[in-house]
Amino acid sequence: MQIIVGIGGVTNGGKTTLADRLLPALPNCCLVHQDSFYKPQDQIAVGEDGFKQWDVLESLDMEAMLGTVQAWRSSPPKFARAHGVGVRPSPSDTHVLLLEGFLLYSYRPLVPLYSRRYFLTVPYEECKWRRSTRSYAVPDPPGLFDGHVWPMYLKYKQEMEANGVEVVYLDGTRSREELFRQVLEDIQNSLLNRS
């Protein structure tokens, strides 16, 4: 049995933290980060807002990400071994792929592949504060959050909802432990219902 779980949502909402906690807790689990598919910096356009457009779907090589997902789907054990993940026998031969990223539900070819879709949200002020405490390889220029990051989040969230993509909303201000337990239990119940 194969299941693909999406952990999407707002920047600095806790996606990576949650995915990293789930990885060792799920059977034969692999994790793919959407951030690994950014195009080179010189291919990121500058928008009308004056900022490099990091927070748009076009900044990512989503065809390569889809190819990675398809490679996993064709042989989860082979994919796991190639990525240094030990495969252990499980009664139902279960394999889980976690996809983590901020625009997971905006790329239409991926949307139907998910067994479960989670979407972390945090309020504007909390998100802005968290973002200001992070250090990025390419530092945020002044005004980026309000001028680009937050508006793009709202735009893609609205498009996701308008397109009818069903997600389980998660409150990213809850404790890491609470979020982990909730999502782990939900995925485990989903696995039980499929077996």
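Residues numbered from 1 in each chain as written. Predicted model: local features only at pLDDT ≥ 70, side-chain atom pairs only at ≥ 80, totals over all residues. Heavy atoms only, no water.

**Remarks on the overall build of the chain**
What counts here: Under the scheme used here, helices are H or I runs from DSSP no shorter than 4 residues and strands are E runs no shorter than 2 residues, and both carry numbers assigned from the N terminus. Only the C-alpha atoms count toward the radius of gyration. The rule for a globule is 2.2 Å times the residue count to the power 0.38. Per-residue accessibility, obtained with a 1.4 Å probe over protein chains only, is compared with the maximum for each type, and a residue is labelled buried under 20%, exposed over 50%, and partly exposed between these values. Whether two residues are in contact is decided by their heavy atoms: any pair within 4.5 Å suffices. Accessible surface area values rest on a Shrake-Rupley calculation with a 1.4 Å probe, where residue burial reflects the displayed protein chains alone. His is not counted, nor are the chain ends, whereas Lys and Arg count as positive and Asp and Glu as negative. Where a charge lies is defined by one atom per residue type: Lys uses NZ, Arg uses CZ, Asp uses CG and Glu uses CD.
Helix and strand counts for the chain stand at six helices and five strands. Reading the chain from its N end, one meets helices and strands in the order β-α-β-α-α-β-β-α-α-β-α. Its C-alpha atoms give the chain a radius of gyration of 17 Å, near enough to 16 Å, the size a compact globule of 195 residues would have. Seen through its principal axes, the chain has C-alpha atoms that stretch 55 × 35 × 30 Å. Looking at the chain residue by residue over its 195 residues, the buried ones come to 45%. Counted over contacts in the chain with a minimum sequence separation of 6, partners at least 24 positions apart contribute 77%. Carbon and sulfur atoms make up 51% of the accessible area of the chain, which amounts to about 10,100 Å² in all. Of the charged side chains in the chain, 21 are positive and 23 negative, and the gap between their average positions amounts to 6 Å.

**A word on the pairing of strand S2 (residues 29-33)**
Let me state the cut-off plainly: At least two DSSP bridges between two strands are needed for those strands to be called paired.
Counting buried positions over the five residues of S2 gives four, a clear majority of the element. Bridge count between S2 and strand S3 (residues 95-100): five bridges; the pairing is parallel. Opposite Leu 31, over in S3, you have Leu 98 as the bridge partner.

**Overview of the nonpolar core**
In a soluble, globular protein the nonpolar side chains are often hidden away together inside. As a reminder of what qualifies: Residue types Ala, Val, Leu, Ile, Met, Phe, Trp, Tyr and Cys, when buried and joined through side-chain atoms within 4.5 Å, form a set referred to as a nonpolar core.
Membership of the largest hydrophobic core comes to 39 residues, with the highest contact counts inside it found for Met 65, Leu 97, Leu 99, Tyr 105 and Leu 110. The element best represented in this core is helix H5 (residues 144-162), accounting for eight residues. Counting 20 residues, the second-largest nonpolar core is a separate cluster that includes Ile 7, Val 96, Leu 120 and Leu 170.

**What to know about the pattern of salt bridges**
This is how the line gets drawn: Salt-bridge detection follows one rule: a side-chain nitrogen of Lys or Arg within 4 Å of a carboxyl oxygen of Asp or Glu.
For the structure shown, the criterion picks out nine salt bridges. Across the salt bridge formed by Asp 186 and Arg 116, the nearest N and O atoms sit 2.6 Å from each other. Placement of the pair is Asp 186 in helix H6 (residues 176-194) and Arg 116 in strand S4 (residues 116-121), with a sequence separation of 70 residues. Take Asp 186: its relative accessible area is 24%, and that puts it in the partly exposed class.

**Focus: the environment of Leu 26**
Relative to the elements of secondary structure, Leu 26 occurs in the loop between helix H1 (15-22) and S2. Its relative accessible area of 1% is what places Leu 26 among the buried residues. Ignoring sequence-local partners within four residues, the contact set of Leu 26 consists of Arg 88, Val 96, Leu 98, Leu 184 and Ile 187.

**Things to note about the packing of helix H4 (residues 124-133) against H5**
How we decide: Angles shown run from 0 to 180 degrees and are taken between the N-to-C directions of axes, each axis being a line fitted to C-alpha atoms and, for helices, limited to the stretch in contact. The cut-offs work like this: below 35 degrees is roughly parallel, past 145 is roughly antiparallel, 65 to 115 is roughly perpendicular, and the gaps in between are oblique. Helix crossings are classified by the rotation of the near helix relative to the far one: an anticlockwise turn of less than a right angle makes the crossing left-handed, while a clockwise turn makes it right-handed. Only Asp, Glu, Lys and Arg are considered charged, only Ala, Val, Leu, Ile, Met, Phe, Trp, Tyr, Cys and Pro nonpolar, and every remaining residue, Gly among them, polar.
As a packed pair, H4 and H5 sit with axes 12 Å apart at the nearest point and diverge in direction by 115°. For the element pair H4 / H5, the angle class is roughly perpendicular. Two packed elements cross with a definite hand, and for H4 against H5 that hand is right-handed. Between H4 and H5, the residues in contact are Tyr 124, Cys 127, Lys 128 and Arg 131 and Leu 144, Phe 145, Asp 146, Val 149 and Trp 150, respectively. In terms of residue class, the contact of H4 with H5 is made up of six nonpolar, no polar and three charged.

**Remarks on unusual backbone geometry**
Of note in the backbone geometry, Asn 12 takes a positive phi value of approximately 60° without being a glycine. Here Asn 12 is to be found in the loop between strand S1 (2-9) and H1. Although it is not a glycine, Asn 28 adopts a positive phi angle of roughly 45°. Within the secondary structure, Asn 28 sits in the loop between H1 and S2.

**A closer look at helix H2 (residues 62-74)**
Applied cut-off: The span you would expect from a helix comes to 1.5 Å times its residue count less one. Working definition: the arc comes from the directions between the helix axis and the C-beta atoms, pointing outward to the latter.
With 13 residues, H2 extends 18 Å between its outermost C-alpha atoms, agreeing within 8% with the 18 Å of an ideal straight helix rising 1.5 Å per residue. Of the positions making up H2, those classed as buried are Met 62, Met 65, Leu 66, Thr 68, Val 69 and Trp 72. Buried residues in H2, looked at end-on, bunch into an arc of 155°, giving them a common side. Opposite the packed face of H2, turned more than 90 degrees from it, sit the exposed residues Glu 63 and Ser 74. Elements that come into contact with the buried residues of H2 comprise S1, S2, helix H3 (76-82) and S3.

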